[in-house]
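Secondary and tertiary structure notes
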Amino acid sequence: MMEELSLHIMDVLQNSLAAGARKVELEIEEDMDGDRLRIKVRDNGKGMTPEELKRVWDPFYTTKRDIGVGLGIPMFKWVAEHCDGSFRMESHPGEGTMLEAEMRLGHIDRPPMGDLAGTVLAMVVSSPQVRFVLRYKSRKGDFFFDSQEVREILGDVPLSNAEVIKFLKEYLSENLAKVMEAA
Amino acid sequence: MAEKIKTLDQLRKIREETRKKMSIREGKYRFKVTIPMGTSGIVVGAREVMKAFLDAIEEHNLTDVIVTQTGFMGSRSIQPVAIVEDDKGNKITYGNLTPDKAKEIVERHIVKGEVVQGYVVLTPLE
């Protein structure tokens, strides 16, 4: 149903927004030597009680009327576990939620990362009030992006301005292309 | 670090140039496009639709359009959806969108001011 890891990531980031997060951190690490791929998201949203967290694994559970919502996490978990990996979530009410998916980088069924730049661009431009921090690590280097830096520079110029979109799109895709080694 | 400095400089330049011609003042905009980005939207292409809106805004060099997202919105059968709202509060909901349809909506609705009837959905969203 989701053919790219960057779409699973988008879904997770969306959950963070739905939880009222003001800051969302995404960390992706390609470990070529160890043949692992790690994806970590941490937010400062409203968090979940252990009871609520348990229900997140249930594909038929949703707090909303949107039928698709409850499926996002179980799908991502399935992908990670199917690719010789693991998936875990920690959450504390009032503090936020942490999610970590880890899988074998070279697994034949591992979905491609896909358009990660597109995911980040869509999130940053459409939710300017939320601070997005991205760190992508690989053998080729580190790429660090903090939407707050962009926000501070822009001042009252909106993120969804034509020139800003153009700049961010190129900036994100060029810099990610430089560090992304695995497809 | 050298790259980062260059980046900041580039963005500052964009900011200065944009402010000169900017028509958005203190949150004022001519159109606001809202795209539901729940799981059910994402699986049927909401991200690609949002990217198409952003591309079209860039292509038409629009400075007074805001693109925003919302988590959940009703029936999944009409997703991807975009709600186009003008500064007078008129709201049009478009459904079953594709990137091409999104571009057409920007060209016709936002640039020329004509509602694209063929893509309008009347299904109540809440």
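Scope of this entry: the structure provided in the associated data block. This one's a predicted model, so the numbers in the text were calculated from it and none came from an experiment. (Residues numbered from 1 in each chain as written. Chains lettered and ligands numbered in written order. Predicted model: local features only at pLDDT ≥ 70, side-chain atom pairs only at ≥ 80, totals over all residues. Heavy atoms only, no water.)

Considerations on unusual backbone geometry
Residue Gln79 of chain B is joined to Pro80 of chain B through a cis peptide bond whose omega torsion reads -5°. Considering the arrangement of structural elements, one finds Pro80 of chain B in the loop between strand 2 (65–70) and strand 3 (82–86). Although it is not a glycine, Asp35 of chain A adopts a positive phi angle of roughly 55°. For Asp35 of chain A, the position within the fold is in the loop between strand 1 (23–31) and strand 2 (36–43). Residue Asn96 of chain B is not a glycine yet carries a positive backbone phi of 50°. Taking relative accessible area as the criterion, Asn96 of chain B reaches 36% and is therefore assigned partly exposed. (Helix = DSSP H or I, 4+ residues; strand = E, 2+ residues; numbered from the N terminus. Buried < 20%, exposed > 50% of the residue type's maximum accessible area, 1.4 Å probe, protein only.)

Re the interface of chain B and chain A
In this complex, chain B contributes 41 residues to the contact, which on the side of chain A involves 46 residues. With both sides pooled, the region where chain B packs onto chain A buries about 3,800 Å², and carbon together with sulfur makes up 61% of that total. Area buried by chain B at its contact with chain A is led by Leu11, Thr39 and Arg47 of chain B, which between them contribute 18% of it. Where Asp55 of chain B meets Lys169 of chain A, a salt bridge forms, and the shortest distance between an N and an O atom there is 2.5 Å. Our count for the chain B to chain A interface comes out at 15 residue pairs in polar contact (both at pLDDT 80 or more). At the level of secondary structure, the elements contributing two or more residues to the side of chain B that touches chain A comprise helix 1 (2–21), helix 2 (39–43), helix 3 (46–59) and strand 2 of chain B. (Contact = heavy atoms within 4.5 Å. Buried area = accessible area lost by both parts, 1.4 Å probe. Salt bridge = Lys/Arg side-chain N within 4 Å of Asp/Glu carboxyl O. Polar contact = N/O pair within 3.5 Å; in protein donor to acceptor, adjacent residues only side chain to side chain.)

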